[in-house]
Amino acid sequence: MSQNYKETLNLPRTEFPMKANLGVREPEMLKMWEETRLYQQIQKAREDRELFVLHDGPPFANGDVHMGTALNKILKDFVVKSQTMLGKRAPYIPGWDCHGLQEIGSVRPKICRRAARAIQATRRFRRLGKSISDNGSQIRSGNSQSFRRVC
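As the structure is a prediction and not an experimental result, all values here were calculated from the model. (Residues numbered from 1 in each chain as written. Predicted model: local features only at pLDDT ≥ 70, side-chain atom pairs only at ≥ 80, totals over all residues. Heavy atoms only, no water.)

Can you explain the overall build of the protein? Please cite residues and give values.
Assigned secondary structure in the protein consists of four helices and two strands. Starting at the N terminus and ending at the C terminus, the protein contains elements arranged as α-α-β-α-β-α. Residues classed as buried in the protein amount to 9% of the 151 residues present. When contacts within the protein are restricted to residue pairs at least 6 apart in sequence, long-range pairs at least 24 apart make up 75% of them. Element-wise, carbon and sulfur atoms account for 60% of the exposed surface of the protein, whose accessible area totals about 13700 Å². (Helix = DSSP H or I, 4+ residues; strand = E, 2+ residues; numbered from the N terminus. Buried < 20%, exposed > 50% of the residue type's maximum accessible area, 1.4 Å probe, protein only. Contact = heavy atoms within 4.5 Å. Areas by Shrake-Rupley, 256 points an atom, 1.4 Å probe, with all protein chains shown as cover.)

In structure tokens:
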């Protein structure tokens, strides 16, 4: 003899579904936000307000996504959204500069030959500049002596 306690609870009536169904609802929400250009509207409404910028770093500079990455993104999102709700213009500015962490290993073999040639060219350029500079200082020295003679 089981009793259904659902009807005995004093719960609020709501239009929200009891099941989140995120896999189905998230694409619908993203599509709606893109169609209504919600982010652009928020930024436009605050274009004359005080600017708050939090530069977000590279998404996964140290490998795959992990809980630390997620926490980092969530905390930054809280900060940017709270500043927006305070009335500031707080655009989301993603960063992609990994300071070469991942790229350097894959690019180095391709540019080694070019870099070596560029380094040699730079050295030749510096030597040429130094010889011109040395010659120029001799010329300036000569001009200085000539100027002293005139005076």
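Lay out unusual backbone geometry with the relevant residues and their values.
Of note, the phi angle at Asn21 is positive, near 55°, even though the residue is not glycine. Inspection of the secondary structure puts Asn21 in the segment before helix 1 (22-36). The backbone of Arg37 shows a phi angle near 50°, a positive value even though the residue is not glycine.

Outline the side chain of Thr84, supporting the account with residue identities and numerical values.
On the secondary structure map, Thr84 appears in helix 3 (residues 67-85). Given the relative accessible area of 13%, Thr84 is considered buried. Ignoring sequence-local partners within four residues, the contact set of Thr84 consists of Ile42, Arg46 and Ala90.

Could you give an account of the side chain of Gln43, with specific residues and numbers?
Turning to its location among the elements, Gln43 is positioned in helix 2 (residues 38-45). Taking the relative accessible area as the measure of exposure, Gln43 reaches 15% and is therefore buried. For Gln43, the contacting residues outside a window of four places in its chain are Arg89, Ala90 and Pro91.

Residues and numbers for helix 1, please.
Between its terminal C-alpha atoms helix 1 stretches 20 Å, which fits the 21 Å expected from 15 residues at 1.5 Å a residue. Downstream of helix 1 by a residue or two, Arg37 has a phi angle that is positive, lying close to 50°. (Expected span 1.5 Å × (residues − 1).)

Hey, could you go over the pattern of salt bridges for me, with residue numbers and the actual values?
Applying the stated criterion to the full structure yields three salt bridges. Residue Lys44 pairs with Glu47 through a salt bridge whose shortest N-O separation is 3.9 Å. For Glu47, a relative accessible area of 45% puts it in the partly exposed group. (Salt bridge = Lys/Arg side-chain N within 4 Å of Asp/Glu carboxyl O.)

Describe the confidence of the model for the protein, listing the residues and the values that go with them.
Looking at the protein, pLDDT values average 75 and 66% of them are 70 or higher. Of all secondary-structure elements in the protein, the lowest mean pLDDT belongs to helix 4 (residues 103-150), at 60, while helix 2 reaches the highest, 92. Low pLDDT, under 50, characterises residues 142-151; the predicted model gives this stretch zero contacts beyond four residues in sequence or across chains. (pLDDT = per-residue confidence, 0-100.)

Requested: an account of a nonpolar patch on the surface, with residues and values cited.
The grouping of Leu71, Ile74, Leu75, Phe78 and Val79 at the surface amounts to a nonpolar patch, some 460 Å² of accessible area in total. Along the chain, Val79 turns up in helix 3. By relative accessible area, Val79 is classed as partly exposed at 34%. (Patch = residues over 30% accessible without salt bridge, like charges linked within 9 Å, V, L, I, M, F, W, Y side chains within 5 Å.)

A description of a positive patch on the surface should follow, citing residues and the corresponding values.
Side chains of Arg123, Arg124, Arg126 and Arg127 sit close together on the surface and give a patch of like positive charge. Residue placement: Arg127 occurs in helix 4. (Lys, Arg positive; Asp, Glu negative; His and termini not counted. Charge placed at Lys NZ, Arg CZ, Asp CG, Glu CD.)

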